[in-house]
Each structure stands twice: as structure tokens, then as C-alpha cells.
Amino acid sequence: MRNLDLMLSLFRWSFYGFMCIFAVDVTVSLFTAFGVFDIIAWLLIVFGGIFAIIGALGSLRFPDFWSRLHAASITDSGGVILLLMGMGMHSGWNLVTFKLFLIGAFLFITGPTSTHAVANAALVSGLKPPRQLRADLERDDD
Amino acid sequence: MSKLLDLQFLAGHAHYLLFIVLMMTGLFIVVDKTNLVKKIVGLNIFQVSVFMFYVSIGKVKGGTAPIFPMDDKYHVDTAAMAGQVYSNPLPHVLILTAIVVGIATTSLGLALIVRIRESFDTIDEEDILAIEQDMTREDNKKHGNAMGGLA
Amino acid sequence: MFETMPHYVFLFAMICLFIAMVLVLIRLYNGPTLYDRVLSTNSFGTHTVLFIGILGFLSGRPDFLDIALLYALINFVGTIAILKFFRYRAIGDALEKREADK
Amino acid sequence: MIDTVTNIILLSMLVITALAIVRMDRLFAVVMLSGVFSLLSALLFVTLDAVDVAFTEAAVGAGISTVLLLSTIALTKPVEKRARHTALVPFIVVCVTGAALVYGTLDMPAFGDPNAPALTHVGPEYLARTPVDIDVPNAVTAILGSYRGFDTLGEAAVVFTAGIGVLLLLSGLRRRREDEEEDQA
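Computed from a prediction, not measured in an experiment: that's the story for all the values here.

Caption draft 1: Broad picture of a negative patch on the surface. Residue and element names in this part refer to chain D. On the surface, Asp179, Glu180, Glu181, Glu182 and Asp183 cluster together into a negatively charged patch. On the secondary structure map, Glu182 appears in helix α8 (residues 173-184). Among the residues examined, Glu182 registers a relative accessible area of 59% and is labelled exposed.

Below you can see the structure in the form of C-alpha cells.
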């Protein structure tokens, strides 16, 4: 039995080591085939896509309007910034980067403004925050 | 009909089928729903699907948008155009005109709806029909004898 | 294998945006309050802007980012118009006077 | 391949949005869904290489159309009434029309076929002559402004007529409403 355990752990650790070597190999070949900036750009784009999904999932699954507001802001901040930065780094310095910067600046101004407008309108119209949140807010006031 | 079972054929015509489904959804809204604002929305859906059908005729496989590259002196660079395939720009032009005309007719229809609501106090087609029938009956009662019992 | 790597990256981002758009659409359809719907419309517009950018890079002609810029603008204007409508029940000043009289 | 899959997914999302519009009876939500519908259709125009059309559709469909519909709802009632008739007859009408249209598309060339009749006569001519004649990078602008300038003139006439019609229909609205309120008071 002990021999079997030993063999299994040996097998497992050799598997881990092999995976590590494979990962290092892939990384090195990626870095030799492409520049550092390309790889950073791809990472940014991939993470931007993941952030977009997280934001959408949150705005679908969260229980009430105020927490959905919070989830939607993840797409507006993380998703937009990461994706636009990734696309800009991928294209290099040219007119496209300038346009991307313009889009980013515009979304940076209008995104929070429109989210604030939605939240303000909801609060004014009488959509109350949930009880726990309200209790926290009142405690902060004291 | 056996053509529809051919996979190759279906892949080439799937766009058209979906355009038709979309168009029929718009038509269903126009025919079935009684609210006039919703009818206008249905009309818009119908219209947009026709536009998409028309634009899809001008699409060439492997082509790009008909915007030519420019050289340093801001003239069209005919040398760089050589190997490039461009989609047909003519449907785009016609549809551009059609979209603007479409929004004009939509706004006219919405203005008509506002007036209808002012006169009948409802924007539901069946209610308007009932009110009009009542009005006709009233007219018959008032002027029926004067018209010789014909009206 | 790595020659088409940017292609796969953009494809991944596009699929992510597709899924996110579908989720936001579901929230738009069955959002209980109107503000949920406004929020998801706004969010959908942001996704559309990003999607056009990705699409341009994927098809190899990233010159069409002007459209994305226009979308961002229209999205903002639309959201503000809708909220102004909820606030005052009218876009122009046609009914504000009547509302104020009541 | 990717183009086709993207198109099909976008079209399916459009169909889903349209079906949601059919089922929804709150008109605010219908207006917002129609705004999303035109955003999606503009995306589809981008993938169909019609960049200028996408531009116009986004500005007109998602911007002006939404505002017009909202202001109409502000002047009328926001909730749709349930229809009293059955949906069977409209459904049959729609199915028959759809079947006829599908029968019509069977003879069409496949999507994107470069040998299609629509792509072999006038379009290549325009594409070849635009750089020489007009020297504008955007072929759509060149055709719209120059080769087919009278079309644009006719469009302007139509829009002018529609504007006059809207003004005539809505001109006395506030005056009449004030008269009504005075009568009631």
C-alpha cells in the first residue's frame, strides 16, 4: 500500500513538474515569437472579456436593483478600460490608438454620469435600498 | 423543397431564412397587436429586416467595406486597391436614403397617433373601431329618416 | 501555431461579449423595475461599442472605430433622454407646465 | 466561416429581441427593446460591410426613433391592452406569407456569391469609376452625392413633406388642450 502511495505521489509530482516545464516552454516560445507588448495586450483583452462576462452575470443574478448597479459598473470600468487598452497596445501608435483613446475618454466621462443619473432617478422615484443597506447607511450617518 | 434539406444550400441561404423570420415577426406585430404605438414598432422591425435583406445582396464573400485607401497626397491609392475585393456600394446608398425616409414616415405616424389619442382618447385599434361604430349608429338614428332610410 | 494567436484572442473576447450581451438582454426582458431596464440598455450599448472595436480588429480593418464613438455618444444621449422622461414625464417642455400646475 | 457564424448569432439575437417585443405589453420596455434592436441591426450592418448604413441606423434607430417613441408615449397611455381577438388568423396569414417568401428565396444565389447578378453589372462599374471621376475614398459618399444626387434631392423633398405634415398635425395641440382645461374649469 505504501509503495502504491509513493508511486502515486511520484507520478503526481512528475506530472506537475512536466506541466511546469511545458508552461515555461510555451511562455518562452511565446516571448521569442512575439514581443512583450503583444502578450501584455492579449492578456489585457482576455481579462477584459472575462470582466465583461462577470459584469453581465452579476447584473443578471444579483437580487435587487442597487447591487445590479454595482455589477454593471464592473463592465463599465474594468471591461472597457482593459479591452480598450489591449486593443490600443495591439495596434501600436497610429490613428486607431487615438480613436480608441477618444472612445475611452468619452466612456470614462459618460459611464459614471449615466449610472449616477439612473441611480439618482431610481432613488428619487422611491425605489428604496434593501433594509440591511439602509441600516448601514444610517449607522454611518451617526 | 428538397433543396432545403441540402446542407450546402442551407448554409448559403440561412441568412435569407432568418431575414424572413424577422420580417414575419414584424408583420405579426402589425397584424395582431391592437396598440398603435406597438404597430409602429412592428413596422420598424419589418422595415429594418427589408434593409438588411437588401444590404446582404451587395455583400461579396471575402470583400470589405467600400472605403478605398488613400496615399500621402490624399488621393485614392489605386495601386493599393489592386488585390482587394470590395462589396457593392449601390445597395448601401439606396438603403441610406430609405432609412431617412423611414424615420420621416415613422414620425408622421407617431404624430397621427397623438392626434388620434386626442380625438378618441384611446390608442387601441379595437376601441377606436367600437367608438366609430357607435358614432355611425348615432348618425343613423339622427339622420336616417332624412336620408330615406338608406344611411 | 502561434501565428494566429491574435486571431484567437480577439475571437475569445468576441465570444465573451456575445455571452455578456445575451445575459444583459435577459435582464432587459425580465427586469422588474424600469430602472433595471434603463441600466441594462446602457450596459448593452457599452457592450456594443466594445464589440465593434473587436470586430474591426478581427476583420483586419480597424478604421471603423468612428462608429463605436458615435454609438457611445448616442447611448449616453439616449440614457439621459429616457431618464429625463421618467423624471418629468415628457421629453420637451410640452407637458412640464401641466405637470407643474397639478 | 467566422463571419457567417457571427452573422447567424447576431441575427438570432435580433429574432429573440423581436419575439420579446411581441410578448411585452409595457410600452416603455417595448421602446427600450426596439432601441436594442436597432443597435443589434447596426452591428449586423457593420458585419455586412455597410459601414455608412450602420452609422445612419445607429443615429436614427437608437437615437431619434427612441426619443420620438418615448415622447409619443408621454402624450398617450404607457400600457398596452390585451387584444380581444384570437391570434390564430394573423398567425396563419404570417405563416402563409413567410412560406411564399421562402419559396421566393430558393432561386436566389447563395449569400456572398461573387457571381450573383446583382454584383456583376453596375456595382463594379461604380467601384472602378469612383477613384478616377470623383477621387473620394468613400465610394458610398461618392455615389450618394454625385452619381445619384437626384435621389438625395427626392429624399430631402420627402423629409420636408413629412416635417410639414407633423407640424400641421401637432400645431394646435397645446392651444386646444388649454381650451379644454378652461372649459372644464
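Caption draft 2: Up close: the interface of chain B and chain D. Taken together, the 83 residues of chain B in the interface contact 90 residues of chain D. For the pairing of chain B and chain D, the buried interface totals around 8,300 Å² over both sides, and the portion due to carbon and sulfur atoms is 76%. Counting across the chain B and chain D interface gives one salt bridge. The tally of links from chain B across to chain D stands at 16 residue pairs in polar contact (both at pLDDT 80 or more). Sorting the residues of the side of chain B that touches chain D by element identifies α1 (7-32), α2 (36-57), α3 (89-120) and α4 (125-143) of chain B as the ones contributing at least two each. When residues of the side of chain B that touches chain D are assigned to their parent elements, the largest contribution, 23 residues, is made by α3 of chain B. Of the residues assigned to the side of chain B that touches chain D, the class counts are 52 nonpolar, 18 polar and 13 charged.

Caption draft 3: The side chain of Asp127 of chain B, seen in detail. In this structure, Asp127 of chain B sits in helix α4. Assessed through its relative accessible area of 15%, Asp127 of chain B is described here as buried. Leave out the neighbours within four places in its chain, and Asp127 of chain B touches Thr122 of chain B together with Lys81 and Arg84 of chain D.

Caption draft 4: Highlighting a nonpolar patch on the surface. Among the surface-exposed residues, Trp13, Phe15, Tyr16, Phe18, Met19 and Phe22 of chain A lie close enough to one another that they form a single nonpolar patch of about 700 Å² accessible area. Relative to the helices and strands, Phe22 of chain A is located in helix α1 (residues 2-33).

Caption draft 5: The arrangement of helix α3 (residues 51-75) of chain D in detail. Residues and elements named next belong to chain D. For α3, with 25 residues, the first-to-last C-alpha span of 35 Å sits near the 36 Å given by 1.5 Å per residue. Of all the bends in α3, the largest measures some 30 degrees and sits at Ser65. With respect to burial, α3 is a largely interior element, 19 of its 25 residues being buried.

Caption draft 6: Just the packing of aromatic side chains, in detail. This structure, assessed with the given rule, holds 11 aromatic pairs over all chains. Note on Phe10 of chain C and Phe57 of chain C: the rings are 5.3 Å apart at their centroids and 10 degrees apart in plane angle, and the pair reads as stacked. Here Phe10 of chain C, found in helix α1 (residues 5-30), pairs with Phe57 of chain C, found in helix α2 (residues 34-58); they are 47 residues apart in sequence, far enough to count as distant. Of the two residues, Phe10 of chain C and Phe57 of chain C, both sit in the buried class. Taken together, Trp13, Phe15 and Tyr16 of chain A form an aromatic cluster joined through their ring pairs.

Caption draft 7: Spatial organisation of the packing of helix α1 (residues 2-23) of chain D against helix α2 (residues 27-47) of chain D. Residues and elements named next belong to chain D. Close contact between α1 and α2 brings their axes to 10 Å; oriented N to C, the two are set at 165 degrees. With respect to α2, the element α1 is oriented roughly antiparallel. In this structure, the crossing between α1 and α2 has a hand that is left-handed. Counting all contacts with α1, which are made through Thr6, Asn7, Leu10, Leu11, Met13, Leu14, Thr17, Ala18, Ala20 and Ile21, the residues of α2 involved are Val30, Leu33, Ser34, Val36, Phe37, Leu40, Ser41, Leu43, Leu44 and Thr47. The class makeup of the residues in the contact of α1 with α2 is 14 nonpolar, six polar and no charged.

The rules behind these values
Numbering of residues begins from 1 in every chain and follows the order in which that chain's sequence is written. As they are written, the chains are lettered A onward and the ligands numbered 1 onward, keeping that order. Local features in this predicted model are restricted to residues of pLDDT 70 or higher, and side-chain atom pairs are both shown and tallied only at a pLDDT of 80 or more, whereas totals for entire chains, interfaces and linings draw on every residue. As a rule here, side-chain values come from all non-hydrogen atoms in the structure, and water together with hydrogens is ignored. Here a patch means residues that are over 30% exposed by relative accessible area and free of salt bridges, tied together within 9 Å if like-charged and within 5 Å if nonpolar (Val, Leu, Ile, Met, Phe, Trp, Tyr). Note on areas: Shrake-Rupley with a 1.4 Å probe; residue coverage comes only from the protein chains shown. We count a salt bridge whenever a side-chain nitrogen from Lys or Arg sits within 4 Å of a carboxyl oxygen from Asp or Glu. Under the convention used here, Asp and Glu are negative, Lys and Arg are positive, and both His and the chain ends fall outside the count. In this description, the location of a charge corresponds to atom NZ of lysine, CZ of arginine, CG of aspartate or CD of glutamate. Think of it this way: any DSSP run of H or I at least four residues long counts as a helix, any run of E at least two long counts as a strand, and we number them from the N terminus. Burial classification: accessible surface area is computed with a 1.4 Å probe over protein chains only, and a residue below 20% of its type maximum counts as buried, one above 50% as exposed, and the rest as partly exposed. What makes two residues a contact is simply this: any of their non-hydrogen atoms within 4.5 Å. A simple way to read buried area is as the amount of 1.4 Å-probe accessible surface that goes missing from two parts once joined, with both sides added. Any N or O atom pair separated by 3.5 Å or less is treated as a polar contact, with the protein-specific requirement of one donor-capable and one acceptor-capable atom, and with residues adjacent in sequence counted only for side-chain atom pairs. Charged means Asp, Glu, Lys or Arg here, nonpolar means Ala, Val, Leu, Ile, Met, Phe, Trp, Tyr, Cys or Pro, and polar covers whatever is left, Gly included. An expected span of 1.5 Å times one less than the residue number is assigned to each helix. To get the bend at a given residue, fit one axis to the seven residues ending there, fit another to the seven starting there, and take the angle between those axes. Aromatic contacts are taken between Phe, Tyr and Trp rings whose centres are within 6.5 Å, Trp giving its six-membered ring; a plane angle under 30 degrees counts as stacked, one over 60 as edge-to-face, and the others as tilted. Note on geometry: axes are C-alpha line fits, over the in-contact stretch for helices, and angles between N-to-C directions span 0 to 180 degrees. Roughly parallel means an angle under 35 degrees; roughly antiparallel, over 145; roughly perpendicular, 65 to 115; everything else is oblique. Crossing handedness follows the turn of the near helix against the far one: under a right angle anticlockwise gives a left-handed crossing, and clockwise gives a right-handed one.

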